[in-house]
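# Analysis of the macromolecular model
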Amino acid sequence: MNHPGLQTAMAHCGLIAILRGITPAEAEAVGQALYDAGFRLIEVPLNSPDPLDSIRAMRAALPTDCLIGAGTVLNPDDCARVQQAGGELIVMPHSDAAVIRAAKKLGMASCPGVATPTEAFAALAAGADVLKMFPAEQLGPVVLKAWRAVMRPPIALVPVGGITPDNLSTYARAGASGFGLGSALYKPGLSAADVGQNARAFVAAWQSAYSAQETQA
């Protein structure tokens, strides 16, 4: 993890908000609710309505210690467009070295999606800062634990897909560095207050899981 802003954000709270479907009109309020709950990493998938406008709105509204970025980035050229909107984080569902290199060339944090150790090591070789284990429902804590045996910290493994406050601790014990949170945190139609309530539940689960690990250590 070579991006200093990402390191700081992950150290504060390793939860990444995935706001698929958010609109620019609600971006500021939802972003503020997430920030107030303790989140410091927010992504707007590029298949959302006017995603760059949402990124701009949140970047203008939130403190600089909160990294805003884009998800579902499939094209290297999109990295520059996201950066121009104020984004600093590029999240992908797949591992494409061209997108990783484009993000890193611009000084952005890169979080490619990987589903095998071969993909994981190839992404690291291309410059990935964080490895997004996707889909986490398919891989599960058993696979995460096996990966952790050969991908030791500071390599960051971040499960994404199906994570809830109830199962987060299972992945934490298996070696997760953080989590990407989708529909259990935000889905279209939820108010900013609803998202804030969900966010607080996730932060409480995060703090409980990792404070328990520190106690055991």
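Under an unreviewed UniProt entry, the chain has the name 2-dehydro-3-deoxy-6-phosphogalactonate aldolase and belongs to Achromobacter arsenitoxydans SY8. Recorded in UniProt for the chain, the comment headed Sequence similarities (unreviewed entry) runs: "Belongs to the KHG/KDPG aldolase family." In UniProt, the chain has this text filed under Subunit (unreviewed entry): "Homotrimer."

Moving on, we come to the pattern of salt bridges. Applying the stated rule across the entire model yields five salt bridges. Ionic pairing is found between Arg 56 and Asp 53, a salt bridge with its closest N-O pair at 2.8 Å. Placement of both Arg 56 and Asp 53 in helix α3 (residues 51-61) is noted, with a separation of three residues, approximately one turn of the helix. A salt bridge links Arg 81 to Asp 78, with the nearest nitrogen and oxygen atoms 2.8 Å apart. In this pair, Arg 81 and Asp 78 both sit in helix α4 (residues 76-84), three residues apart, roughly one turn of the helix. Residue Arg 81 is classed as partly exposed on the basis of its relative accessible area of 40%.

Within the largest apolar cluster, 62 residues are counted, with the highest numbers of intra-cluster contacts made by Leu 15, Leu 19, Leu 34, Phe 39, Ile 42, Ile 90 and Phe 179. With eight residues, helix α9 (residues 192-216) is the single largest residue contributor to this core. If we skip the residues at most four places from it in the chain, Phe 39 touches Leu 15, Ile 16, Ala 17, Leu 34, Cys 66, Leu 181, Leu 185, Ala 199, Phe 202 and Val 203. Among the nonpolar cores identified, the runner-up in size contains 15 residues, and Leu 89, Cys 111, Val 130 and Ala 156 belong to it.

Before going further, it helps to spend a moment on the pairing of strand β3 (residues 67-71). Every regular strand shows the same layout, with side chains that alternate between the two sheet faces. Most of β3 is tucked away, with five of its five residues classed as buried. Where strand β2 (residues 41-45) lies against β3, five bridges are found, and the strand directions are parallel. Residue pairing in the sheet places Leu 41 in a bridge with Leu 67 of β3. For the segment spanning β2, α3 and β3, crossover handedness is right-handed. Pairing between β3 and strand β4 (residues 89-91): two bridges, direction parallel. Across the sheet, Gly 69 pairs through a bridge with Leu 89, a residue of β4.

Now for the sheet that holds β2. Reading across from one edge, β5-β4-β3-β2-β1-β9 is the order of the six strands in this open sheet, with parallel pairing throughout. The sheet terminates laterally at β5 (109-111) and β9 (179-181), the two strands that pair on one side only. On average, adjacent strands in this sheet sit at an angle of 25° to one another, irrespective of strand direction. Sheet topology note: the strand β1 (residues 15-18)/β9 ladder contains three bridges and is parallel. Across the sheet, Ala 17 pairs through a bridge with Leu 181, a residue of β9. Relative to the sheet, helix α5 (residues 97-105) contacts β4 and β5, its axis offset from that of β5 by approximately 160°.

Quick look at the environment of Val 82 now. By the secondary structure assignment, Val 82 is in helix α4. The spacing of Val 82 and Arg 56 is 26 residues in sequence and 9.1 Å in space, taken between C-alpha atoms. Once residues lying within four places of it in the same chain are set aside, the contact partners of Val 82 are Leu 46, Leu 52, Ile 55, Ala 70, Gly 87, Leu 89, Ile 90 and Met 108.

Here the focus is the sheet that holds strand β6 (residues 113-114). The sheet built from three strands is open, its strands ordered β6-β7-β8 with parallel pairing. The open sheet terminates on both sides in strands that have one partner only, identified here as β6 and β8 (156-159). Of the pairings in the sheet, the one linking β6 to strand β7 (residues 130-133) comprises two bridges and is parallel in character. Bridge pairing in β7 places Gly 113 opposite Lys 132.

Another point: α4. Note on helix geometry: an α-helix contains 3.6 residues per turn, so any two residues three or four positions apart are oriented the same way. Buried within α4 are the following residues: Asp 78, Cys 79 and Val 82. Projected down its long axis, α4 shows its buried positions confined to an angular sector of 110°, all on one face. More than 90 degrees from the buried face of α4, the exposed residues found are Asp 77 and Gln 84. On its buried side, α4 packs onto α3, β3, β4 and α5. N-cap assignment for α4: the residue whose side-chain oxygen lies 2.8 Å from the backbone N of Asp 77 is Asn 75. Following α4 by one or two positions, Gly 86 adopts a phi angle in the positive range, close to 105°.

Analysis parameters
- Residues numbered from 1 in each chain as written.
- Predicted model: local features only at pLDDT ≥ 70, side-chain atom pairs only at ≥ 80, totals over all residues.
- Heavy atoms only, no water.
- UniProt positions renumbered as here; feature names shortened; annotations may be inferred.
- Salt bridge = Lys/Arg side-chain N within 4 Å of Asp/Glu carboxyl O.
- Helix = DSSP H or I, 4+ residues; strand = E, 2+ residues; numbered from the N terminus.
- Buried < 20%, exposed > 50% of the residue type's maximum accessible area, 1.4 Å probe, protein only.
- Core = buried A, V, L, I, M, F, W, Y, C linked by side-chain atoms within 4.5 Å.
- Contact = heavy atoms within 4.5 Å.
- Pairing = 2+ DSSP bridges.
- Right-handed = clockwise from strand over helix to strand, strands pointing away.
- Axes fitted to C-alpha atoms, helices over the stretch in contact; angles between N-to-C directions.
- Arc of directions from axis to C-beta.
- Polar contact = N/O pair within 3.5 Å; in protein donor to acceptor, adjacent residues only side chain to side chain.

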